[in-house]
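Next come the chains, spelled out residue by residue.
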Amino acid sequence: MDKLKLRENFDEIVQRVERARLRVSEYHIVKIVAISKYVSSDEVRELYDLGQRAFGENRVQELKQKCEELEDLPIEWHFVGRLQKNKINHLIELDPFLMHSLDSLELALELDKRLEAKGKKMDSLLQINSAKEDTKAGVMPEVAVEEYLKIIENTKHINLKGVMTIGAHTKDESEIKKSFETTYKIYEALQPHGAKICSMGMSNDFELAIECGSNMVRIGSLFFK
Ligand SMILES: *Cc1c(COP(=O)(O)O)cnc(C)c1O
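An account of the accompanying structure is given in this report. Since we're looking at a predicted model, the values are computed, not measured.

Here we look at the pattern of salt bridges
As a working rule, side chains carrying opposite charge can pair if their charged atoms are close by.
Reasoning step 1: Counted by the stated rule, this structure contains 20 salt bridges.
Reasoning step 2: Here Lys-31 and Glu-76 are joined by a salt bridge, their closest N and O atoms 2.6 Å apart. Of this pair, Lys-31 sits in strand E1 (residues 31-35) while Glu-76 sits in strand E3 (residues 76-79), and the two are 45 residues apart along the sequence.
Reasoning step 3: By relative accessible area, which is 17% here, Glu-76 ends up buried.
Reasoning step 4: Here Glu-142 and Lys-132 are joined by a salt bridge, their closest N and O atoms 2.6 Å apart. In this pair, Glu-142 is assigned in helix H6 (residues 141-154) and Lys-132 in the loop between strand E5 (122-128) and H6, connecting sequence segments 10 residues apart.
Reasoning step 5: When its relative accessible area of 54% is taken as the criterion, Glu-142 is described as exposed.
Reasoning step 6: Residues joined by salt bridges that share partners form a network here, namely Glu-12, Arg-16, Glu-207 and Lys-225.

Below, the structure written as structure tokens:
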């Protein structure tokens, strides 16, 4: 990819995130995770050279390949995809900085068991199906707080750090906003239980997400357009 274009995209993203976070508060800090699933390790390296440090992938196999190819860089790797049971051990081996997509108590128990066997820990977020879409993973909003507390209670090797959601899949901005507000309310309710991260907002809706309280955005296509 053209280096100049990548720099332009990066500049645009940083400036737009900056303006959105200042609309919330001077003290509202937002972390940008660059989702690199559309590109190769070469582009990740170029973006790293421009200053980006946090990257995310949605497939364990892709994450493994990039981790290996970019071993020489101190990248903070995030996992944001659906985790199949047969890939759990592979993900643990990669020691991701943060797993965004814990989507059930059942998966949490399974992951915890494998972490225990390997003597490792994993920082994770509980994924919320905030617009109740059949096509999306995550726990339903009504039971999210309860599920989060159950995971804390029943696992020893998962450190729950907050929540993640994907905005409603629609062009209707009020519906998208509603899904972010729903998630933010859950996040607020979980703050007394240690929740620190509210991961929401992608290329098409990150400003709205930030205005609804997101402090971590996952941006892919806008970087690499
Ligand atoms: C692909 C992906 C993103 C980034 O999406 P863009 O619309 O390309 O910014 C964010 N989160 C998850 C979970 C993804 O799978």
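Quick notes on H6
Reasoning step 1: The first and last C-alpha atoms of H6 sit 20 Å apart over 14 residues, in line with the 20 Å expected at 1.5 Å per residue.
Reasoning step 2: What H6 keeps buried is the set Pro-141, Ala-144, Glu-147, Tyr-148 and Ile-151.
Reasoning step 3: Contact partners of the buried residues in H6: strand E4 (98-102), helix H5 (105-118), E5, strand E6 (158-165) and helix H7 (173-190).

What about the layout of surface pockets?
Reasoning step 1: Of the voids in this model, the largest pocket is the one considered here, and its volume is about 920 Å³.
Reasoning step 2: Together, 37 residues line the largest pocket, and Lys-37, Lys-136, Ile-166, Met-202 and Arg-218 are the ones closest to its centre.
Reasoning step 3: The element that contributes the greatest number of residues to the lining of the largest pocket is helix H8 (residues 206-211), accounting for 3 residues.
Reasoning step 4: Partitioning the lining of the largest pocket into residue classes produces 14 nonpolar, 13 polar and 10 charged.

Quick look at the nonpolar core
Reasoning step 1: With 61 residues, the main nonpolar core has Leu-102 and Phe-223 as its most contacted residues.
Reasoning step 2: In this structure Leu-102 touches Leu-107, Ala-108, Leu-111, Ser-124, Leu-125, Leu-126, Gln-127, Ile-151, Ile-158 and Leu-160, once residues within four positions along its chain are discounted.
Reasoning step 3: Formed by 9 residues, the second largest nonpolar core is a distinct cluster that contains Val-33, Val-80, Leu-125 and Met-164.

Points about unusual backbone geometry
Reasoning step 1: At Asp-95, a residue that is not glycine, the phi angle is positive and equals roughly 50°.
Reasoning step 2: Mapped onto the elements of the fold, Asp-95 is located in the loop between helix H4 (88-94) and E4.
Reasoning step 3: Backbone geometry at Lys-132 places phi at a positive 55°, although glycine is not the residue there.

A short note on the packing of aromatic side chains
Reasoning step 1: Counting across every chain of the model gives 4 aromatic pairs.
Reasoning step 2: Consider the rings of Tyr-184 and Tyr-187, whose centres lie 5.6 Å apart with planes at 55°: the pair is tilted. Residue Tyr-184 and its partner Tyr-187 are both found in helix H7; the two are separated by 3 residues, about one turn of the helix.
Reasoning step 3: A relative accessible area of 24% places Tyr-184 in the partly exposed class.
Reasoning step 4: Taking relative accessible area as the criterion, Tyr-187 reaches 6% and is therefore assigned buried.
Reasoning step 5: Ring geometry for Phe-223 and Phe-224: centres 5.8 Å apart, planes at 40°, overall tilted. Taken as a pair, Phe-223 and Phe-224 share a single burial class, namely buried.
Reasoning step 6: One aromatic cluster in this structure is built from Phe-10, Phe-223 and Phe-224.
Reasoning step 7: Of note, Arg-53 hangs over the ring of Tyr-48, and the distance from its end group to the ring centre comes to 3.7 Å.

Cut-offs used in this document
Residues numbered from 1 in each chain as written. Predicted model: local features only at pLDDT ≥ 70, side-chain atom pairs only at ≥ 80, totals over all residues. Heavy atoms only, no water. Salt bridge = Lys/Arg side-chain N within 4 Å of Asp/Glu carboxyl O. Helix = DSSP H or I, 4+ residues; strand = E, 2+ residues; numbered from the N terminus. Buried < 20%, exposed > 50% of the residue type's maximum accessible area, 1.4 Å probe, protein only. Expected span 1.5 Å × (residues − 1). Contact = heavy atoms within 4.5 Å. 1 Å grid on protein atoms, 1.4 Å probe; cavity = no way out; pocket = protein on both sides within 12 Å on 5 of 7 lines; lining within 4 Å. Points joined across faces, edges and corners; volume = space filled by probe spheres on them. Nonpolar A, V, L, I, M, F, W, Y, C, P; charged D, E, K, R; others polar. Core = buried A, V, L, I, M, F, W, Y, C linked by side-chain atoms within 4.5 Å. Phe/Tyr/Trp six-rings, centres within 6.5 Å; stacked < 30°, edge-to-face > 60°. Lys NZ or Arg CZ within 6 Å of the ring centre and 35° of its normal.

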